[in-house]
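Listed here are the chains, written in short residue letters.
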Protein chains: 2
Amino acid sequence: MHAEQMAEEYPALTMESDALDAAKLLAEHRLPGLVVIDQGRPRAILPASQVVRFLVPGYVQEDPALARVLDESMADHVADSLGGKTVGDLIGHGEPELAVVNADDTIIEVAAIMARLRCPLAAVMRDDQLIGVVTASRLLQLALAAD
Amino acid sequence: MHAEQMAEEYPALTMESDALDAAKLLAEHRLPGLVVIDQGRPRAILPASQVVRFLVPGYVQEDPALARVLDESMADHVADSLGGKTVGDLIGHGEPELAVVNADDTIIEVAAIMARLRCPLAAVMRDDQLIGVVTASRLLQLALAAD
């Protein structure tokens, strides 16, 4: 089986996309992360957990007990923390390198690249076009179904 | 909104569970990770990507091009690499600490703990019982729906 057959559609945004659009996509599709395209090439994953970090003021991250003193509504938090920001602003610096594979790579090649990069998903390219994504759970699904 | 209302059912296994059962749960439910219980308490996340790492021999992880010389079937890989192992054997040492919250914690407290620990999900406890999990995408879904 080749990456092309394993790949599934998956939401992708660019570094210039609105941070709020990213939050909405993650929320609507209940995804753990999004693929981020930079200069036409899949470059990074934006984890949902990274977006959550932006919702919480730094002093509350340091001491979650302080969360109880916040009297803003959650809606205000979302607007204040994400409004006007781009996906590029949200991308951290410690994110794992995104695994990028070719459409004709085999299942074990895809697994090997994901394993080496410790990456939860692989972007599948054909002729410089992103044709889909293979998530770790998708790979396990196919590996377990193999004869 | 409190953690108890935000929480959803989520598969959990123990450190002694079969690695193959973990792979099957991840594959069937198409999850990015599982909650791992250690001595009665949620202790870690087993990412699907970590299980994928176990499917790939070390020398192939070092050089994915070598994947092409493997002539075993994928089914044999799965049996050989996961058979006889436990979840405890698969858990890495670099995994982020699992966020554990109380049923009566507020949405912002849950977000703060997940943010501080950079954890993609939070285990919700009531009276020492795991009553559910709040994933980052679930939190974003609720945050965006807030009035």
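Our subject is the structure that appears above.
Reference entry: report on the structure contained in this document. Computed from a predicted structure; not experimentally measured.

### Considering the overall build of chain A
So, point 1. The number of helices and strands found in chain A is 8 helices and 6 strands.
So, point 2. What you see in chain A, going N to C, is helices and strands ordered as α-β-α-β-β-α-α-α-α-β-α-β-β-α.
So, point 3. Expressed along its principal axes, the backbone C-alpha trace of chain A runs to roughly 55 × 30 × 25 Å.
So, point 4. Taking all 147 residues of chain A together, 54% fall into the buried category.
So, point 5. Counting only contacts in chain A whose residues sit at least 6 apart along the sequence, the fraction spanning at least 24 positions is 53%.

### A look at the pattern of salt bridges
So, point 1. Applying the stated criterion across every chain, the model contains 7 salt bridges over all chains.
So, point 2. Residue R138 of chain B pairs with E8 of chain B through a salt bridge whose shortest N-O separation is 3.7 Å. Here R138 of chain B, found in helix 8 (residues 136-145), pairs with E8 of chain B, found in the loop between helix 1 (3-6) and strand 1 (12-14); they are 130 residues apart in sequence, far enough to count as distant.
So, point 3. Look at the salt bridges and you will find they share partners, linking E8 and R138 of chain A together with R30 of chain B into a network.

### A few points about helix 8 (residues 136-145) of chain A
So, point 1. Counting buried residues along helix 8 of chain A, 7 of its 10 residues qualify, which places the element largely inside the surrounding structure.
So, point 2. Looking at helix 8 of chain A, one finds that the buried residues are A136, S137, R138, L139, L140, L142 and A143 of chain A.
So, point 3. Residues of helix 8 of chain A that are buried make contact with helix 1 (3-6), helix 7 (107-117) and strand 6 (129-135) of chain A together with helix 2 (19-29), helix 3 (48-55) and helix 5 (74-82) of chain B.

### Focus on the relation of the copies chain B and chain A
So, point 1. At an RMSD of 0.0 Å, chain B and chain A line up after a rotation of 180 degrees and a shift of 0.0 Å along the axis. The operation mapping one copy onto its partner corresponds to a two-fold rotation axis. Every residue of chain B has its C-alpha some distance from the rotation axis, and the shortest such distance is that of P32 of chain B, at 3.6 Å.
So, point 2. A high fraction, 100%, of the interface residues of chain B reappear at the interface in chain A, so the copies pair face to face through one surface.

### Concerning the interface of chain B and chain A
So, point 1. With 52 residues of chain B at the contact, the number on the chain A side is 52 residues.
So, point 2. Together chain B and chain A conceal approximately 4300 Å² of surface at their shared face, both sides included; 72% is due to carbon and sulfur atoms.
So, point 3. Counting the surface chain B buries against chain A, the share from its top three residues, R30, I108 and L140 of chain B, is 16%.
So, point 4. Taken together, the links from chain B to chain A amount to 2 salt bridges.
So, point 5. Summed over the shared surface of chain B and chain A, the number is 7 residue pairs in polar contact (both at pLDDT 80 or more).
So, point 6. Those elements giving two or more residues to the side of chain B that touches chain A turn out to be helix 2, helix 3, helix 4 (58-62), helix 5, helix 7 (107-117) and helix 8 of chain B.
So, point 7. Grouping the constituent residues of the side of chain B that touches chain A by class yields 32 nonpolar, 7 polar and 13 charged.

### Description of a nonpolar patch on the surface
So, point 1. A cluster of nonpolar side chains, namely Y59, L66 and V69 of chain A, defines an oily patch on the protein surface of about 270 Å² accessible area.
So, point 2. Among the secondary structure elements, Y59 of chain A is positioned in helix 4 (residues 58-62).

### Structural notes on the side chain of Q61 of chain B
So, point 1. Looking at the element boundaries, Q61 of chain B is found in helix 4.
So, point 2. Overall, the relative accessible area of 13% leaves Q61 of chain B in the buried class.
So, point 3. Here V56 of chain B takes part through its backbone oxygen, which lies 3.2 Å from a polar atom of the side chain of Q61 of chain B.
So, point 4. Residues within four places of Q61 of chain B in sequence aside, it is in contact with A112, A115 and R116 of chain A together with R53 and V56 of chain B.

### Notes on the pairing of strand 2 (residues 33-38) of chain B
All names here are of chain B.
So, point 1. The element strand 2 is largely enclosed, with a buried count of 6 among its 6 residues.
So, point 2. Of the two faces of strand 2, both are covered, the one formed by G33, V35 and I37 as well as the one formed by L34, V36 and D38.
So, point 3. Between the parallel elements strand 1 and strand 2, the chain passes through helix 2 in a crossover that is right-handed.
So, point 4. Across 6 bridges, strand 2 lies against strand 3 (residues 41-47) in antiparallel orientation. Each bridged residue has a counterpart across the sheet, and for I37 the counterpart in strand 3 is P42.

Rules and cut-offs
Residues numbered from 1 in each chain as written. Chains lettered and ligands numbered in written order. Predicted model: local features only at pLDDT ≥ 70, side-chain atom pairs only at ≥ 80, totals over all residues. Heavy atoms only, no water. Helix = DSSP H or I, 4+ residues; strand = E, 2+ residues; numbered from the N terminus. Buried < 20%, exposed > 50% of the residue type's maximum accessible area, 1.4 Å probe, protein only. Contact = heavy atoms within 4.5 Å. Salt bridge = Lys/Arg side-chain N within 4 Å of Asp/Glu carboxyl O. Least-squares fit on C-alpha atoms with pLDDT ≥ 70 in both. Buried area = accessible area lost by both parts, 1.4 Å probe. Polar contact = N/O pair within 3.5 Å; in protein donor to acceptor, adjacent residues only side chain to side chain. Nonpolar A, V, L, I, M, F, W, Y, C, P; charged D, E, K, R; others polar. Patch = residues over 30% accessible without salt bridge, like charges linked within 9 Å, V, L, I, M, F, W, Y side chains within 5 Å. Areas by Shrake-Rupley, 256 points an atom, 1.4 Å probe, with all protein chains shown as cover. Right-handed = clockwise from strand over helix to strand, strands pointing away. Pairing = 2+ DSSP bridges.

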